Amino acid sequence: MSLKGNKKIGFFLMNKKGFNVLSKLINNNRHIDVVVSSRDDNLQKDYYDDIKNLCFNNNILFFDRKDDFLNLIHSDYLVTIGWRWLILGKLMDRLIVTHDSILPKYRGFAPLVNMLINGEIFLGVTFLFASEKYDCGKIIVQKQQQIEYPIKINEAIEIVSNLFFQGIEDIYKKIESEENLIGQAQDENGASYSLWRNEDDYLINLNCSSEEIVRFVNATGAPYLGASLFIENQKVRILDAEIFNDVQIENRDIGKIIFIDNGKPVIICGKGLLKINILLDDKSQESILPLKKFRIKFKGKVI
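Not measured: the values here are computed from a predicted model.

S.K.: Just to check I follow, could you spell out the sheet that holds strand S7 (residues 122-129) for this structure?
M.R.: Strand pairing in a sheet is mediated by backbone hydrogen bonds. Such pairs are either parallel or antiparallel. Taken together, the seven strands give an open sheet; going across it, the order is S3-S2-S1-S4-S5-S7-S8, and neighbouring strands pair in mixed fashion. Two strands bound the open sheet, and with one partner strand each, they are strand S3 (61-64) and strand S8 (139-146). The mean inter-strand angle of the sheet, taken between neighbouring strand axes irrespective of direction, is 15 degrees. Looking at chain direction, strand S2 (residues 34-37) and S3 are connected through four bridges and run parallel. Bridge assignment links valine 34 to a residue of S3, and that residue is leucine 61. Lying on the sheet, helix H4 (residues 153-176) is in contact with strand S1 (9-13), strand S4 (77-81), strand S5 (95-99), S7 and S8; it crosses S7 at an angle near 35 degrees.

So, in structure tokens, the structure goes:
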């Protein structure tokens, strides 16, 4: 399906969100001028090959981020989804940036993960014009959906992907009807920022409540590497955990195992108890449950 006035839309796409949106646009017979993608070593599965194959199978022009494509893209609009880098220079005037939050809150990096860790009850996405300061441009379209906890990151990604698709459909319809894309300035008084995350940020703070830790575990699981702790010098990954009914503990020593429930360790948190259902060795990625001994103390982030 062509856009009125022969307007063409291209995309900078990465990860599962980018793949999901691309798939839905193709299924909806939307014209896609070009796709640029990149690998992401921080994910268990980055969907790069899936995006590339989808483009080739549907005759969509495809570039890798490392390609010399700057003078080969002639799209009237370029939309980013899941993209991790700033796009400056001659493409900036045609650029529509997307963000995994309801701006102006959670500007910056890893907003979806940080929103889930913080227990936000609404997930949302924003389409905005590019600006020199990241995530500060004028807002074109926003979509949001209320969620309930517990929720894992994969389910949240599906929700956000659907919101991105709804938003890009609104933009396609505006362009088809030859409407001007008009942005509204953000309210700086409501702005907040979300910081980038690295390997250190997978480490659990056991001083938190079991409720907070379960949110953390669920937010950092696949496609990410998974929340981590240490047993002596062995790094382990916790991929699934749940709140366990607390008891009165006279000497509350955080991180120690207090019970074994159906072969699963229950450990003491700053508030409440945490039952670990899936526990893997970080190097081998093999399960280390059931544990070989009871007297184990898990160690996490020191604050």
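S.K.: Help me understand the state of the cysteines, please; the structure alone is not making it clear to me.
M.R.: By definition, a disulfide links two cysteine residues through a covalent bond between their sulfur atoms. Using the criterion set out here, one finds zero disulfides in the structure. Not engaged in a disulfide, the cysteine cysteine 208 finds its nearest cysteine sulfur in cysteine 269; these two sulfurs lie 8.9 Å apart.

S.K.: When you look at the nonpolar core in this model, what are you seeing that I'm missing?
M.R.: Generally speaking, nonpolar side chains in soluble globular proteins are found buried as a group. Counting 70 residues, the largest nonpolar core has Phe11, Leu22, Val35, Ile168 and Phe298 as the members making the most contacts within it. It is H4 that provides the largest number of residues to this core, a total of 12 residues. Leaving out residues up to four positions away in the same chain, leucine 22 has contacts with Leu13, Ile32, Val35, Ile51, Leu54, Cys55 and Ile60.

S.K.: I'm lost on a nonpolar patch on the surface in this one. Help?
M.R.: There is a patch of nonpolar side chains on the surface, built from Leu86, Leu88, Phe109, Tyr134, Tyr193, Leu195 and Trp196 and spanning about 810 Å² of accessible area. Here tryptophan 196 shows up in the loop between strand S9 (193-194) and helix H5 (210-219).

S.K.: Hey, could you run me through the sheet that holds strand S10 (residues 227-231) in this one?
M.R.: Strand order in the open sheet formed by six strands is S12-S13-S14-S11-S10-S15, and the pairing between neighbours is antiparallel. The sheet is open, and its two edges are formed by strand S12 (257-261) and strand S15 (298-299), each paired on a single side. Two elements, S10 and strand S11 (residues 234-244), share five bridges in a ladder whose sense is antiparallel. Bridging across to S11, phenylalanine 230 finds its partner in lysine 235. Sheet strands in contact with H5 are S10, S11 and strand S14 (273-281), and its direction is about 120 degrees off that of S11.

S.K.: Could you clarify how one ought to interpret the side chain of lysine 275 in this entry?
M.R.: Secondary-structure assignment places lysine 275 in strand S14. A distance of 2.6 Å separates a polar atom in the side chain of lysine 275 from a polar atom in the side chain of aspartate 261. Sequence-distant contacts of lysine 275, that is, excluding residues within four places in its chain, are made with Asp240, Ala241, Glu242, Phe244, Asp261, Asn262, Lys264, Pro265 and Val266.

S.K.: Looking at this model, I keep getting lost on the environment of aspartate 67. Mind explaining?
M.R.: The topology assignment puts aspartate 67 in the loop between S3 and S4. In sequence terms aspartate 67 and isoleucine 168 are 101 residues apart; their C-alpha atoms lie 26 Å from each other. Of note is the side chain of aspartate 67, whose polar atom sits 2.7 Å from the backbone nitrogen of aspartate 64.

S.K.: What's the story with H4 in this structure? I'm lost.
M.R.: Counting along an α-helix, one turn takes 3.6 residues, and residues three or four places apart therefore face a common direction. An ideal rise of 1.5 Å per residue puts 34 Å on 24 residues; H4 measures up with 34 Å between its terminal C-alpha atoms. Glutamate 178 occupies a position one or two residues after H4 and carries a positive phi of about 60 degrees.

Reading the values: rules and limits
- Residues numbered from 1 in each chain as written.
- Predicted model: local features only at pLDDT ≥ 70, side-chain atom pairs only at ≥ 80, totals over all residues.
- Heavy atoms only, no water.
- Pairing = 2+ DSSP bridges.
- Helix = DSSP H or I, 4+ residues; strand = E, 2+ residues; numbered from the N terminus.
- Axes fitted to C-alpha atoms, helices over the stretch in contact; angles between N-to-C directions.
- Contact = heavy atoms within 4.5 Å.
- Disulfide = S-S within 2.5 Å.
- Core = buried A, V, L, I, M, F, W, Y, C linked by side-chain atoms within 4.5 Å.
- Buried < 20%, exposed > 50% of the residue type's maximum accessible area, 1.4 Å probe, protein only.
- Patch = residues over 30% accessible without salt bridge, like charges linked within 9 Å, V, L, I, M, F, W, Y side chains within 5 Å.
- Areas by Shrake-Rupley, 256 points an atom, 1.4 Å probe, with all protein chains shown as cover.
- Salt bridge = Lys/Arg side-chain N within 4 Å of Asp/Glu carboxyl O.
- Polar contact = N/O pair within 3.5 Å; in protein donor to acceptor, adjacent residues only side chain to side chain.
- Expected span 1.5 Å × (residues − 1).

Structural measurements only, silent on function.
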